[in-house]
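What the coordinates show
Listed below are the residues making up each chain.
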Amino acid sequence: MRKLWLGFTLVMVLSFLVLGWVGTRIYQEMPPIPDKVVTTDGTLLIDSGEITAGQNVWQTMGGMEVGSVWGHGSYTAPDWTADWLHREAVFILDHWANDEFSKPFADLDAEYQGQLTARLTQQFHSNTYDPETKTLTIDPLRAEAFASNVEHYHSVFIDGNADYAIPAGSISSTERLRKMSSFFFWTSWAASTNRPNDIASYTNNWPHEPLVGNRPTGDNIVWTGVSIIVLLAGISAMAWWYASQTEEDETAGLPLDKDPLARWEATPSQRATIKYFWVVAALILVQMGLGVVTAHYGVEGDGFYGFPLSDWLPYSVSRTWHVQIGLFWIATAWLAAGLFIGPLVSDHEPKFQRLGVNILFGALLLVVVGSLAGEWLSVMHHMTDSTSFYFGHQGYEYVDLGRFWQILLLVGLMLWLVLMIRVLLPALRQTGHQKQLVLLLAVASTAIAGFYGAGLTWGQHSHLTMVEYWRWWVVHLWVEGFFEVFATVVIAFVFMRLNLVRPGIAASAALLSATIFLSGGIIGTLHHLYFSGTPTVALVWGSVFSALEVVPLTLIGFDAMHDLRQSRKSPWVQRYKWPIYFF
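Here's what I pulled together on the structure shown here. None of these values were measured; they are calculated from a predicted model.

So, about the overall build of the chain. Looking only at helices and strands, the chain has 19 helices and 6 strands in total. Rg of the C-alpha trace for the chain: 27 Å, near the compact-globule value of 25 Å for 583 residues, within the 12% margin. Dimensions of the chain along its principal axes, counting C-alpha atoms only, are 90 × 50 × 45 Å. For the chain, the proportion of its 583 residues judged to be buried stands at 53%. Here the contacts in the chain between residues at least 6 apart in sequence split such that 73% fall between residues at least 24 apart. Just so you have it, the chain exposes about 25,300 Å², and 63% of that area is on carbon and sulfur atoms. A distance of 18 Å separates the average location of the 33 positive side-chain charges in the chain from that of its 48 negative side-chain charges.

Below you can see the structure in the form of structure tokens.
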């Protein structure tokens, strides 16, 4: 066990060192936000603070739940970075074509089109940002294209666009629209402007746009190939390791003639968790209903079978709620599972445990109802941009809830951790192999409570690239990482408690499994950040280690068959067949 714990600790420490180091590189090399944008003839196009203010307008409207930026978000509406870039490019190319050839760009021969796109590529990819004055200087024709795009977005966000499921009045004023357009311009500028002393844009030439020379870079191609090689090597190594293991009777010495839980009675705190699971079931049904509505908006963007639903429940709200409720019921289910299994682990019910379970239930309900209401109020213009960040809609997918509700949820998770630790303490004081499993359960519980705190690392005016870096700590590490560790331990404990596996084997298997999928999963967080204004180093580490995330899944069929065999060890096990089938 000592070697397994050493391996687990090394994976955790080294992985987070790499993830942190890449984070510092991202911070140092993220796209600069100009203080001002001016034309070469001295005209001020974007003033100080307007880009960041425009980002806040975008967030209040629903942010990533209405189209996407840098590829992250929803897809009924366009990616605003790609949309802005294409419209700006077409405007300039048409202007040049009409001036020089007296016809639109689309009507030119390929030779003349190539001539103009080469000129445009040179202009767009040239970095004219001055870091000393924090001023970006552009051609006057780009200012004209800016005005043209603002006019187009007026028809989308103020007049409404059913094809995009965007109702009229989504942006409340032309002033706020222009600020949001400034933000879209900046994301497009970063996507088409080369980094200093580089041949690729700040977003690694994303989005693909041949009109401005945005095509996959050599690094994109090379590291795609490397990741595939690593994936095949990892699967081969895992299969070889699995085949080399000698089979061991996991139930040797364990009594299989009777159900070890036959005389078990639920404790008061365990009975108190039943309402959690009723709420989980209700949230699943609500999420499904919202999924139907959200999907229908892709066909009928301004209503639901003729009913003007978007007047009360616009697409941005239905999709936000659909995503958030999914996270809420998943988290609630696992928190309740932890509270339920705690007394089974230690055979101990701490004093006032039931009271704590009930208080936590009330806190979770408050977060769910309060955050969903705040998101609706934000999108429906009942909050200012500043207020919306704290009580309404942050605009970042999966962490849409306002900062106040985030903090309240973190407090609730800390209360859950206290309830978990106090019920596990008697088992942690014991000796033997079961203690190792309980210790891993305590580590996973601490990580679940603590890692949600990564969602508090950015502020209302934080750079989008850094928000993306920390956002994926919450989504990838919290939801996809440490909840997996927690699930692995819970499943191992269930089999151990049923006398279907010896404690030593259960602890070893859980610890090894956690080590294997965290070895790829932690650094693999970076695969979400290829095109979010990050340097090539994020693409390198993210591509290789995200490929390794898939490797443990190749053996999941063997585990499933193993669990199925375990369920047939004795007739009484059949009463637990549905939980086992689920695992």
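Attention now goes to the pairing of strand β6 (residues 135–138). With 4 bridges joining them, strand β1 (residues 36–39) and β6 adopt parallel strand pairing. Counterpart to valine 37 in the pairing with β6 is leucine 136. Pairing of strand β5 (residues 129–130) with β6 involves 2 bridges; the strand directions are antiparallel. Residue aspartate 130 lies in a different strand from β6, and its bridge partner there is threonine 135. Hairpin remark: β5 followed by β6, antiparallel, with 4 residues in the connecting loop; positive phi at lysine 134, about 55 degrees.

Before going further, it helps to examine helix α7 (residues 218–244). Across its 27 residues, α7 extends 39 Å between first and last C-alpha, which sits within 8% of the 39 Å expected from 1.5 Å per residue. Asn220, Ser227, Gly234 and Met238 are the residues of α7 that are buried. Looking at the packing, one finds that the buried side of α7 touches α16 (503–521) and α17 (536–550).

All right, on to the side chain of threonine 320 then. Inspection of the secondary structure assignment puts threonine 320 in helix α10 (residues 315–346). Residues contacting threonine 320, with those up to four places away along its chain left out, are Glu65, Glu375, His393 and Asp400.

This part takes up the pattern of salt bridges. Where side chains of opposite charge bring their charged atoms close, a pairing between them can arise. Taken as a whole, this structure holds 10 salt bridges when the rule is applied. Among the ionic pairs, arginine 119 bridges to glutamate 100, the shortest N-O distance being 2.8 Å. Of this pair, arginine 119 sits in helix α4 (residues 110–125) while glutamate 100 sits in helix α3 (residues 80–101), and the two are 19 residues apart along the sequence. Taking the relative accessible area as the measure of exposure, arginine 119 reaches 31% and is therefore partly exposed. Here aspartate 385 and arginine 176 are joined by a salt bridge, their closest N and O atoms 2.6 Å apart. Here the residue aspartate 385 occupies a position in helix α12 (residues 385–391), and arginine 176 occupies one in helix α6 (residues 174–192), the gap between them amounting to 209 residues. Residues joined in a network through salt bridges with shared partners are Glu65, Arg319 and Glu397.

Bringing the packing of helix α1 (residues 2–29) against helix α15 (residues 464–497) into the picture now. Direction vectors running N to C along α1 and α15 enclose 160 degrees, while the axes themselves pass 10 Å from each other. One finds that α1 runs roughly antiparallel with respect to α15. As for how α1 packs across α15, the hand of that crossing is right-handed. Contacts between α1 and α15 pair Met12, Phe16, Leu19, Gly20, Gly23, Ile26 and Tyr27 from the former with Thr465, Met466, Tyr469, Trp473, Leu477 and Phe482 from the latter.

Along the chain, the position of serine 170 falls in the loop between α5 (140–158) and α6. Residues serine 170 and isoleucine 158, 12 residues apart in the sequence, show an inter-C-alpha distance of 5.9 Å. Non-local contacts of serine 170, meaning those with residues more than four positions away in its chain, are made with Met61, Phe157 and His381. Separated by 2.7 Å, the side chain of serine 170 and the backbone oxygen of proline 167 make a polar contact.

At a minimum axis distance of 10 Å, the contact between helix α9 (residues 274–297) and helix α11 (residues 353–379) shows a crossing angle of 20 degrees. Here α11 runs roughly parallel to α9, going by the angle between their axes. Crossing of α9 against α11: the hand is left-handed. Contact with α9, carried on its side by Lys275, Tyr276 and Val279, involves Val357, Asn358, Leu360, Phe361 and Leu364 of α11 and no other residues of that element. The residue inventory of the contact of α9 with α11, partitioned by class, reads 6 nonpolar, 1 polar and 1 charged.

Turning our eyes to something else, we now look at the sheet that holds β5. Spatial ordering of the open sheet is given by β2-β1-β6-β5, a layout of 4 strands whose pairing is mixed. Edge positions in the sheet fall to β2 (44–46) and β5, since each has one partner strand and no second.

A word on the nonpolar core. Counting residues in hydrophobic clusters, the biggest one holds 148 residues, and the most contacted among them are Trp58, Trp80, Phe157 and Phe184. Leaving out residues up to four positions away in the same chain, tryptophan 58 has contacts with Gly63, Met64, Val69, Trp80, Met180, Phe183, Phe184, Gly395, Tyr396 and Leu464. Leu85, Ile92, Leu108 and Val212 belong to the second largest nonpolar core, which has 15 residues in total.

So, on to the environment of alanine 373. With respect to the element layout, alanine 373 can be found in helix α11. In sequence terms alanine 373 and histidine 393 are 20 residues apart; their C-alpha atoms lie 9.7 Å from each other.

Cut-offs used in this document
Residues numbered from 1 in each chain as written. Predicted model: local features only at pLDDT ≥ 70, side-chain atom pairs only at ≥ 80, totals over all residues. Heavy atoms only, no water. Helix = DSSP H or I, 4+ residues; strand = E, 2+ residues; numbered from the N terminus. Rg over C-alpha atoms; globule rule 2.2 N^0.38 Å. Buried < 20%, exposed > 50% of the residue type's maximum accessible area, 1.4 Å probe, protein only. Contact = heavy atoms within 4.5 Å. Areas by Shrake-Rupley, 256 points an atom, 1.4 Å probe, with all protein chains shown as cover. Lys, Arg positive; Asp, Glu negative; His and termini not counted. Charge placed at Lys NZ, Arg CZ, Asp CG, Glu CD. Pairing = 2+ DSSP bridges. Expected span 1.5 Å × (residues − 1). Salt bridge = Lys/Arg side-chain N within 4 Å of Asp/Glu carboxyl O. Axes fitted to C-alpha atoms, helices over the stretch in contact; angles between N-to-C directions. Parallel < 35°, antiparallel > 145°, perpendicular 65-115°, else oblique. Left-handed = near helix turned anticlockwise from the far one by under 90°. Polar contact = N/O pair within 3.5 Å; in protein donor to acceptor, adjacent residues only side chain to side chain. Nonpolar A, V, L, I, M, F, W, Y, C, P; charged D, E, K, R; others polar. Core = buried A, V, L, I, M, F, W, Y, C linked by side-chain atoms within 4.5 Å.

Fair warning: the whole summary comes from geometry, so function is off the table for now.
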